[in-house]
Amino acid sequence: MIKNQLNEILAQISQAEQTYSRTPGDVLLLAVSKTKSAQAIAEAYQAGQRHFGENYCQEAIGKQKELGAYDITWHFIGPIQSNKTKLIANHFSWVHSVDSFKIAQRLSTQRASDLPPLNICLQVNISGEPTKSGIALHELAELSQAIAILPNLVLRGVMAVPEPELDFEKQRQPFKTLYQAVADLNNPALDTFSFGMSADLKAAIAEGATIVRIGTALFGVRH
Ligand SMILES: *Cc1c(COP(=O)(O)O)cnc(C)c1O
């Protein structure tokens, strides 16, 4: 049952907050509902979950229509194609996967003026894998400065999907590096660290995550 899984994950989050001396309630659970039905989302919602993350724009918009009566905050976390920026800019409150100035600029220009500014994170390719999306760590400072001038966006922080790693200490390393790189920018507006998934939730919280993005552990495996 989704409700049981949700409570189990919330308990793990709160346990990890305690273990690593994080402020209770500091870490937000983002329920990643890609490929899952509107019904599954409704079930999680009824159990108290409010933030949902989606990877595919069209799929997400279909579910948003079905769930129009629910007070959900939608986050876009998937790769962004230029021809989808207008839809993404206007159907989400958060975009975690911004990885170029061009995409940021399009999102800012296309965000409707009657909506509040879009919250964005820069996706950082922290393991340096050539096939992964995201900017390199050394691009972070310059890109975050450039984005600061865009009127309809608020740069909130960073997102990362490190290479899968089973060892707990090894899981912590890329999160630690990224956290430190953001701290070095000395910008108090950057308050969001979107890292940690089903398999590395605890390591992410140990290293400062403020949003963990959980799919499988909540909704079961994707087919
Ligand atoms: C699918 C996905 C998740 C959730 O991953 P799980 O391993 O199912 O918890 C988190 N973040 C991103 C960017 C994803 O694409």
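First things first, this report covers the structure right here in the doc. (Residues numbered from 1 in each chain as written. Predicted model: local features only at pLDDT ≥ 70, side-chain atom pairs only at ≥ 80, totals over all residues. Heavy atoms only, no water.)

## Some thoughts on the side chain of S144
Argument step 1. Among the secondary structure elements, S144 is positioned in helix α6 (residues 140-147).
Argument step 2. Classification of S144 as buried rests on a relative accessible area of 11%.
Argument step 3. At a separation of 2.8 Å, a polar atom in the side chain of S144 contacts the main-chain carbonyl oxygen of L140.
Argument step 4. When near neighbours in sequence (up to four residues on either side) are disregarded, S144 contacts L122, L155 and L185. (Helix = DSSP H or I, 4+ residues; strand = E, 2+ residues; numbered from the N terminus. Buried < 20%, exposed > 50% of the residue type's maximum accessible area, 1.4 Å probe, protein only. Polar contact = N/O pair within 3.5 Å; in protein donor to acceptor, adjacent residues only side chain to side chain. Contact = heavy atoms within 4.5 Å.)

## Comments concerning the site of the ligand
Argument step 1. Near the ligand the following residues occur: V32, K34, N55, I77, V161, M197, S198, R213, I214, G215, T216 and R222.
Argument step 2. S198 places a polar side-chain atom, nitrogen or oxygen, 2.5 Å from an oxygen atom of the ligand.
Argument step 3. Tallied by class, residues from the shell around the ligand come to 5 nonpolar, 4 polar and 3 charged. (Near = heavy atom within 4 Å. Nonpolar A, V, L, I, M, F, W, Y, C, P; charged D, E, K, R; others polar.)

## Notes on the packing of aromatic side chains
Each aromatic ring pair is specified by the distance between its two centres and by the angle formed by the two planes.
Argument step 1. Enumeration according to the criterion identifies 6 aromatic pairs in this entry.
Argument step 2. Summarising the aromatic geometry, the rings of F76 and F92 are spaced 5.3 Å apart at their centres and angled 75° between planes, so their arrangement reads as edge-to-face. With F76 in strand β3 (residues 73-76) and F92 in the loop between α4 (85-91) and β4 (94-98), the pair connects residues that are 16 residues apart, well separated along the chain.
Argument step 3. Residue F92 is classed as buried on the basis of its relative accessible area, which comes to 2%. (Phe/Tyr/Trp six-rings, centres within 6.5 Å; stacked < 30°, edge-to-face > 60°.)

## A look at the packing of α6 against helix α7 (residues 168-185)
Argument step 1. Interhelical geometry of α6 versus α7 gives an angle of 50° and a closest axis separation of 10 Å. For the element pair α6 / α7, the angle class is oblique. α6 and α7 meet at a crossing whose hand is right-handed. Between α6 and α7, the residues in contact are L140, A141 and S144 and A181, V182 and L185, respectively.
Argument step 2. The residue makeup of the contact of α6 with α7, split by class, is 5 nonpolar, 1 polar and no charged. (Axes fitted to C-alpha atoms, helices over the stretch in contact; angles between N-to-C directions. Parallel < 35°, antiparallel > 145°, perpendicular 65-115°, else oblique. Left-handed = near helix turned anticlockwise from the far one by under 90°.)

## Describing the side chain of T192
Argument step 1. With respect to the element layout, T192 can be found in strand β7 (residues 192-194).
Argument step 2. By relative accessible area, T192 is classed as buried at 4%.
Argument step 3. Within the structure, T192 has its side chain in polar contact with the side chain of D191 (distance 2.9 Å).

## Considering the pattern of salt bridges
Argument step 1. Under the criterion given, the structure shown has 5 salt bridges.
Argument step 2. For R156, the salt bridge identified is with D191, shortest N-O distance 3.0 Å. Here R156, found in strand β6 (residues 153-159), pairs with D191, found in the loop between α7 and β7; they are 35 residues apart in sequence, far enough to count as distant.
Argument step 3. One salt-bridge network, held together by shared partners, links E54, E59 and K63. (Salt bridge = Lys/Arg side-chain N within 4 Å of Asp/Glu carboxyl O.)

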